[in-house]
Structures are given as structure tokens and as C-alpha cells.
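Okay, here's what each chain looks like letter by letter:
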Amino acid sequence: MPENRKRQNSDSEKTVKAKKSLSLKKSDIFITGSIDIPFLGLTIALLTIGLIMLFSASYPYAYYYENKNSYYFFERQLIFAVVGLVAMFFMSKINYKLLKAFVKPLLFFTLACLVIVLFYHTNVSDFKRWIPLFGGITFQPSDLAKFTIILTFASYISDYYRHMNTFKYGICYPLGIIAVFCGLIFLEHHMSCTILMFLIGATLMFVGGSNWKLFAFGAGAIVLVAFMVITFPELLENYAGERITAWLDKDYDPTGARWQTNNSLYAIGSGGLFGVGLGNSKQKYLYVSEPQNDFIFSIVCEELGFFGALLIIILFGALVIRGFYIASKCKDRFGSLMVIGIVAQIGIQAIFNILVVTDTFPNTGIALPFFSYGGTAMLMLLFEVGVVLSVSRKSNQQKV
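Residues numbered from 1 in each chain as written. Predicted model: local features only at pLDDT ≥ 70, side-chain atom pairs only at ≥ 80, totals over all residues. Heavy atoms only, no water.

Peer 1: Honestly, the overall build of the protein in this entry has me stumped. Any pointers?
Peer 2: When helices and strands are tallied, the protein shows 13 helices and two strands. Within the protein, the fraction of its 400 residues that count as buried is 46%. Pairs at least 24 apart in sequence give 73% of the contacts found in the protein among residues at least 6 apart. Here the protein displays about 20100 Å² of accessible surface, and carbon together with sulfur accounts for 67% of that area. (Helix = DSSP H or I, 4+ residues; strand = E, 2+ residues; numbered from the N terminus. Buried < 20%, exposed > 50% of the residue type's maximum accessible area, 1.4 Å probe, protein only. Contact = heavy atoms within 4.5 Å. Areas by Shrake-Rupley, 256 points an atom, 1.4 Å probe, with all protein chains shown as cover.)

Here you go:
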């Protein structure tokens, strides 16, 4: 009888432990904390304004080139936005720490896609950026690569943060990862994303604790390289070198290399302080080439004016600042670094796009987050926002 009671007690203890383990697994997967409302609100505001401006900027070009369907770009972007919002809210409920288990598989998959696109891609000039899928849908691996390098660096730095001040772990290995990504993307003839990837990695290295003296030396070397490229544009590939020449010489090839930039400046100047009114842009009528993409901000300036453009810039700035606030509240280094990488990506892209549109920076073809047309970019961007919201939920969980 005593043995039976012991067995029953041990069985009951095992049952209790099994239930506890199941409950722990469930709590490890889903998060119950409150979401960061300001960050969500800023995201929805930028997404809504972006969709409205995409339709306004794109319908003449869509009508002319897409079988007289003025809604072509808007409808497709809206679909990706809805799917992206579902992914965003779903990811916001998932424990972001689970992403650490997918670092290596995602890294290998992304690198494989970056290699595949060099040989199997859509025929768009000399650019090798999009893998054709089905039904006219394409996939741009470089959009996935932005999140992959953020996730990879967040995982690496959180594991080796005690050694990040050394040359081996703080400089050599991170620069090696950056070099692989940037090298493959450069082969796609995608200079803007190459620069963006480098800056994302450098930002995470800096906040991750890389030796600031070595970091400063590297930054000085980059400035020297940039000076050499600007002084001797012929050092770069033809298309990139020509864009730098067109940026330096305002009279260079006005019907070719300077066409898009010049018409962008005309649009910005036409907008004045208050704009010509939503939908009333003239430059979008086949003057600004593909206004739904990289130069959409020029149409924003023309239709909404200086104050409308300034409001959008303030929204981007507030989003980035709020993201850094969320990162500062997160006690987990992995989550904090992911948030910093994501908001840095959004901020750098927005700054570079505006600098290009205003001719302050050479035309690099960089998209404006939430505004520029692109399905893969929209899906990945909203998914990344979901990661930030997941971190905010974890940080806002009440301690019991």
C-alpha cells in the first residue's frame, strides 16, 4: 500500500510538472503585455498617408502603362498592406525571443536568394534585383536581407557583447558579415541598398560596443573612399558613376541622367508652402519617371507643399524616436538591438530618399518607407514593425 501511494504521488507530481511545462511553453510563445500605442499610431498614420499619396502619384502612370487601369499600383499595394498588417499584429503577439532560433536558417536562405537572383531575375535593364514568382509577382531578396542582417547582428552581439571591444569579435567578424551581404547586393547593381546595409550593420556595431577608436578609424577610411569616388566617378560602374557626375554637374544630360532629378525639383518648387492640392500634381503626368517609386516624395511636396512634407518628416522622426524609447525600456539585449536596427533602417531610408529627391545626394534609387510602391518591401516593413511591437509588449508586461 505505501508503494502504491508513492507511485500515485509521483504520477501526480509528473502530471503537475507536465502541465506546468505546457503552460510555460505557451507563455514563451505568446505575449500578453500591452502594445505601444504611440508607435502603432505613428505606423498607421504613415501607412495611411503613404497609400493615399501612392494612389495620387501613380494613377497617370498606371493608366498609361498598365492597360488603362489607373488603380493598378494602388490595388496591389493595398493588398500587400493588408497582408502586412495581419503579419504585423500576429508578430506583435509572438515572443520575439523565438526569432533567435531562426537566425541561421534565415541567414542561409537569404544568402541563397541573393545568389539565385544574380542568375534568375526579371529583365529590367542591367539590374538583377527581382526573382519572378507567379502571376506577375516578384520577390526582392534585398528587402529580406535588411531584416536578416538586423536579426543576425542582434543575435551575434547579444552572444558576444563582452568581447565586442576586441578587434576580432567587435570588428573583424561583423565586417565580414557586412562584406558578404554588401558584396552580393552590389552585384545586383543595387548601390542604394548596398549603402543601406552597410549603415545598418555599422549602427549595430556602434551601439553593440565595438571599440570606438577602431570604429572611428574605419569611419575615416569610408569618408576617404567616398571622397575618392566623388572626385573620380569613373571608378564606379557606368550607371553609378554617371549618377555622381549628374549630381555634381547640374547641366549634365538634362534629358537623360538629370531628367528625373530636375523634374523632381520642379515638382518641389511648384508646391510652395501649402501645395497645389491633393491630386493636382502636374509633374506626375510622365515628367517624374515612375512617380510611385523612389521619387514619390517630390509629388508629396508638390501636392501638400512644404508644411505637408514637413509633417511627414516629423512623423518619421517621431517613429524613430519612439522606437529608440522602446529599445531603451527593453532589458533584453537581443530585443533592444533588433528594435534599434529596425528603426535605424526606417530612419536611414527616409533620410536618404529625401536627400536624393531634393538633389542633396546622388540619385541612388532608395525607396521611401510606407510610401514607395513595392510588395516585398511593404510586407517586410510591417513585419518588422510587428517585431518592435512584440518587444514593446514584453517590456510592458506587469511583474507578478
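Peer 1: Looking at this model, I keep getting lost on helix α11 (residues 296-329). Mind explaining?
Peer 2: Owing to its 3.6 residues per turn, the α-helix aligns residues three or four sequence positions apart on the same side. Between its first and last C-alpha, α11 extends only 35 Å over 34 residues, short of the 50 Å set by a 1.5 Å rise per residue. Residue G305 marks the point of greatest curvature in α11, where the axis turns by about 120°. (Expected span 1.5 Å × (residues − 1). Bend = angle between axes of the 7 residues up to and from the residue.)

Peer 1: It is not clear to me how the environment of I185 should be interpreted in this structure. Could you clarify?
Peer 2: Position of I185 relative to the elements: it lies in helix α6 (residues 167-187). Residue class for I185 comes out buried when judged on its relative accessible area of 0%. With near-sequence residues (within four places) excluded, I185 lies in contact with L114, S142, A145, H190, C193, T194 and M197.

Peer 1: Please clarify how the environment of L286 should be interpreted in this entry.
Peer 2: Looking at where L286 falls in the secondary structure, it is placed in the loop between α10 (259-271) and α11. For the pair L286 and Y61, spaced 225 residues apart in sequence, the C-alpha separation works out to 6.4 Å. Contact partners of L286, with chain neighbours within four places excluded, come to Y61, Y64, Y65 and W259.

Peer 1: Just checking my understanding: could you explain the environment of A81 for this structure?
Peer 2: Tracing the backbone through its elements, the reader meets A81 in helix α3 (residues 72-93). C-alpha of A81 to C-alpha of M378: the two residues are 297 residues apart in sequence and 6.4 Å apart in space. If we ignore the near neighbours within four places in the chain, the residues touching A81 are L47, L51, M378 and L382.

Peer 1: Would you mind showing me how to read the pattern of salt bridges here?
Peer 2: Between side chains of opposite charge, pairing is possible as soon as their charged atoms come close. What the rule picks out here adds up to five salt bridges. Between D143 and K146 there is a salt bridge whose closest N-O contact spans 3.2 Å. Taken together, the residues span about one helical turn, with D143 and K146 both in helix α5 (residues 141-160) at a distance of three residues. K146 gets classed as buried once you look at its relative accessible area, which sits at 8%. (Salt bridge = Lys/Arg side-chain N within 4 Å of Asp/Glu carboxyl O.)

Peer 1: Explanation requested: the packing of α5 against helix α7 (residues 191-208) in the structure shown.
Peer 2: Two packed helices can be described by the angle between their axes and the distance between those axes. The interhelical angle for the contact between α5 and α7, taken along N-to-C directions, is 15°, at an axis separation of 10 Å. One finds that α5 runs roughly parallel with respect to α7. Crossing geometry of α5 relative to α7 is assigned as right-handed. Residues S142, A145, K146, I149, I150, F153 and I157 of α5 form the contact with α7, whose participating residues are C193, L196, M197, I200, G201, L204, M205 and G208. Taken together, the residues of the contact of α5 with α7 sort by class into 11 nonpolar, three polar and one charged. (Axes fitted to C-alpha atoms, helices over the stretch in contact; angles between N-to-C directions. Parallel < 35°, antiparallel > 145°, perpendicular 65-115°, else oblique. Left-handed = near helix turned anticlockwise from the far one by under 90°. Nonpolar A, V, L, I, M, F, W, Y, C, P; charged D, E, K, R; others polar.)

Peer 1: Explain the side chain of E302 here, please?
Peer 2: Along the chain, E302 turns up in helix α11. The buried charged residue E302 lacks any salt bridge partner; its closest oppositely charged side chain belongs to K282, at an N-O distance of 7.3 Å. Not counting chain neighbours up to four residues away, the residues in contact with E302 comprise A267, S270, G271, G275, V276, S281, K282 and Q283. (Lys, Arg positive; Asp, Glu negative; His and termini not counted.)

Peer 1: Explain helix α2 (residues 37-65) to me, please; I cannot follow it from the model alone.
Peer 2: The first and last C-alpha atoms of α2 sit 40 Å apart over 29 residues, in line with the 42 Å expected at 1.5 Å per residue. Residue S58 marks the point of greatest curvature in α2, where the axis turns by about 50°; the proline P60 follows within four residues. Looking one or two places after α2, you find N67, whose phi comes out positive at around 55°.

Peer 1: I keep staring at the packing of aromatic side chains and nothing clicks. Help me out?
Peer 2: Ring pairs (aromatic) are described by centroid distance and by the angle formed between their planes. Under the defined criterion, the tally for this structure stands at 18 aromatic pairs. Relative to F73, the ring of Y61 has its centre 6.1 Å away and its plane inclined at 35°; by these criteria the two rings are tilted. In this pair, Y61 is assigned in helix α2 and F73 in helix α3, connecting sequence segments 12 residues apart. Assigned by exposure class, Y61 and F73 land together as buried. In textbook terms, an aromatic cluster arises when at least three aromatic residues are bridged by ring pairs, as seen for Y61, Y64, Y65, Y72, F73 and Y373. Lying over the aromatic face of F334, K100 brings its terminal NZ or CZ to 5.5 Å of the ring centre. Sitting over the face of the ring of Y161, R333 holds its NZ or CZ atom 3.7 Å from the ring centroid. (Phe/Tyr/Trp six-rings, centres within 6.5 Å; stacked < 30°, edge-to-face > 60°. Lys NZ or Arg CZ within 6 Å of the ring centre and 35° of its normal.)

Peer 1: Please explain the packing of α5 against helix α12 (residues 333-357) as it appears in this structure.
Peer 2: Contact geometry for α5 and α12: axes closest at 8 Å, N-to-C directions at 145°. Two packed elements cross with a definite hand, and for α5 against α12 that hand is right-handed. Facing K146, I150, L151, A154, S155, I157 and S158 of α5, the residues of α12 in contact are R333, F334, L337, M338, G341, I342, Q345 and Q349. A class-by-class count of the residues in the contact of α5 with α12 yields eight nonpolar, five polar and two charged.

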